[in-house]
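Okay, here's what each chain looks like letter by letter:
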Amino acid sequence: MIPATTFTPYYCEAEDRIRLVVNYADFTHRVDFWITRAFLLKLLPSMEEYLYTYTSPHVLTPSQATHNKETTPTDSGTLAVMEKEGILLEAVDMTYTTDTGMFEIRMRGKNVATVAVLSEQMMMAVIQSIFGAAPHMHWGISPQLLDYRQPF
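Procedures and definitions
Residues numbered from 1 in each chain as written. Predicted model: local features only at pLDDT ≥ 70, side-chain atom pairs only at ≥ 80, totals over all residues. Heavy atoms only, no water. Pairing = 2+ DSSP bridges. Helix = DSSP H or I, 4+ residues; strand = E, 2+ residues; numbered from the N terminus. Polar contact = N/O pair within 3.5 Å; in protein donor to acceptor, adjacent residues only side chain to side chain. Expected span 1.5 Å × (residues − 1). Buried < 20%, exposed > 50% of the residue type's maximum accessible area, 1.4 Å probe, protein only.

Peer 1: Now, about the sheet that holds strand β5 (residues 87-88): what can you tell me, with residues and values included?
Peer 2: Read from one edge of the open sheet, four strands run β2-β3-β4-β5, paired in mixed fashion. With partners counted over all chains shown, the strands left at the sheet margins are β2 (7-12) and β5, one partner each. In the sheet, strand β4 (residues 31-35) pairs with β5 via two bridges, with the strands oriented parallel. By the bridge assignment, Phe33 is partnered in β5 with Ile87.

Peer 1: Could you give an account of the side chain of Asn23, naming the residues involved and the relevant values?
Peer 2: Here Asn23 lies in the loop between β3 (17-22) and β4. A distance of 2.9 Å separates a polar atom in the side chain of Asn23 from the backbone oxygen of Pro3.

Peer 1: Would you mind going over helix α1 (residues 37-54) in detail, with residue names and values included?
Peer 2: In this model α1 runs 26 Å from its N-terminal to its C-terminal C-alpha over 18 residues, within 8% of the 26 Å that 1.5 Å per residue would give. Those residues of α1 that sit buried are Phe39, Leu40, Leu43, Leu44, Met47, Tyr50 and Leu51.

Here is the structure:
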């Protein structure tokens, strides 16, 4: 199990997939997952429901979550130079610990698994960044995510 400390998603037009790079700057622990449109369409509603169930009402809105103090820009040179062969993301498991208020997210592909322990805000930021990397019009999905957090 590889501890996941950073998440860098971007859309690869040639593959028509999202490449989710875990630990981009640490070559020995780096994992490049491929996320297909079909997998993302199954994953997002589950993640939304999970967040809706386990986050507190004051959690940051998605647009604020991606700009919180725990996020930093990716060095695109390091990202490209250290690229590894992509592994198809096959499963994502999430758990929430009420004692700590932290989420654990496990991602698995063929012969590799990663795990991250994230705060509410970081969990929201990771989900928002993955969703933001998708080509919404091309994949036929709404650009809105987690609408239930928006005021009426």
